[in-house]
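Given next are the chains, with one letter for each unit.
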Amino acid sequence: MLYAIVGEDVPDSLEQRLATRPAHVARLLELDAAGRLVLGGPFPAIDSPDPGPAGFSGSLIVAEFESLAAAQAWADADPYVAAGVYARVAVRPFKQVFPKS
């Protein structure tokens, strides 16, 4: 089943986010290689594809996991959590309607 993982950044976390990004992206690449990643990316803090020093306000990942518990465990182990980038993370079941798969 698919799950949406939404992380909300703590204020002024851009420096920690950039330092931790390689480890965060490595885990996403593993999901992608396994064919389980639907989409992922950050929320710019301002209305711009490149927010510069304004940074980001969080991230969205939609991926396939065997259960809600597995998705939560994966989210809890995110390097952004350990580095203090995320203030909180929500994991919810997700049903993809569009685009049709």
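Small disclaimer: the values here were computed from a predicted structure and weren't measured. (Residues numbered from 1 in each chain as written. Predicted model: local features only at pLDDT ≥ 70, side-chain atom pairs only at ≥ 80, totals over all residues. Heavy atoms only, no water.)

Novice: I keep staring at the side chain of Asp78 and nothing clicks. Help me out?
Specialist: With respect to the helices, strands and loops of the structure, Asp78 is situated in the loop between α2 (68–76) and α3 (79–82). Polar side-chain contacts of Asp78 include one of 3.0 Å to the side chain of His24. (Helix = DSSP H or I, 4+ residues; strand = E, 2+ residues; numbered from the N terminus. Polar contact = N/O pair within 3.5 Å; in protein donor to acceptor, adjacent residues only side chain to side chain.)

Novice: How should I be thinking about the packing of aromatic side chains in this particular structure?
Specialist: Working definition: an aromatic ring pair is given by the centre-to-centre distance plus the angle between the planes. Using the criterion set out here, one finds 3 aromatic pairs in the structure. Ring geometry for Phe65 against Trp74: centres 5.7 Å apart, planes inclined by 50 degrees, an arrangement best described as tilted. Trp74 shares its class with Phe65; the two are buried. Measuring from ring centre to ring centre gives 5.4 Å for Tyr80 and Tyr86, while their planes differ by 90 degrees; the resulting arrangement is edge-to-face. Here the two residues Tyr80 and Tyr86 agree in accessibility, since each one is buried. Ring-pair connections join several aromatic residues into one group, and the members of that group are Tyr3, Phe65 and Trp74. (Phe/Tyr/Trp six-rings, centres within 6.5 Å; stacked < 30°, edge-to-face > 60°. Buried < 20%, exposed > 50% of the residue type's maximum accessible area, 1.4 Å probe, protein only.)

Novice: Would you explain the environment of Ala75 in this entry?
Specialist: Within the element layout of this structure, Ala75 appears in helix α2. A C-alpha to C-alpha distance of 7.7 Å links Ala75 and Val91, two positions 16 residues apart in sequence.

Novice: Explain unusual backbone geometry to me, please; I cannot follow it from the model alone.
Specialist: Both trends apply: most residues other than glycine have a negative phi, and most peptide bonds are in trans. With an omega of -15 degrees, the peptide bond running from Phe98 to Pro99 counts as cis. Inspection of the secondary structure assignment puts Pro99 in the segment after β4 (86–94). A positive phi angle, near 55 degrees, is found at Asp12, a position not held by glycine. Looking at where Asp12 falls in the secondary structure, it is placed in the loop between β1 (2–9) and α1 (14–33).

Novice: Whenever I open this one, the pattern of salt bridges confuses me. Can you help?
Specialist: When the charged atoms of two side chains lie near each other, side chains of opposite charge can form a pair. In total, this model carries 3 salt bridges according to the counting rule given. Across the pair Glu8 and Arg88 runs a salt bridge whose closest N-O atoms are separated by 3.4 Å. Remark: Arg88 occurs in strand β4 and Glu8 occurs in strand β1; sequence separation between them is 80 residues. Residue Glu8 is classed as partly exposed on the basis of its relative accessible area, which comes to 37%. In this structure Arg88 comes out as exposed when scored by relative accessible area, which is 51%. A salt bridge links Asp78 to Arg27; its shortest N-O distance comes to 3.9 Å. (Salt bridge = Lys/Arg side-chain N within 4 Å of Asp/Glu carboxyl O.)

Bear in mind that shape data such as this cannot, by itself, settle questions of function.
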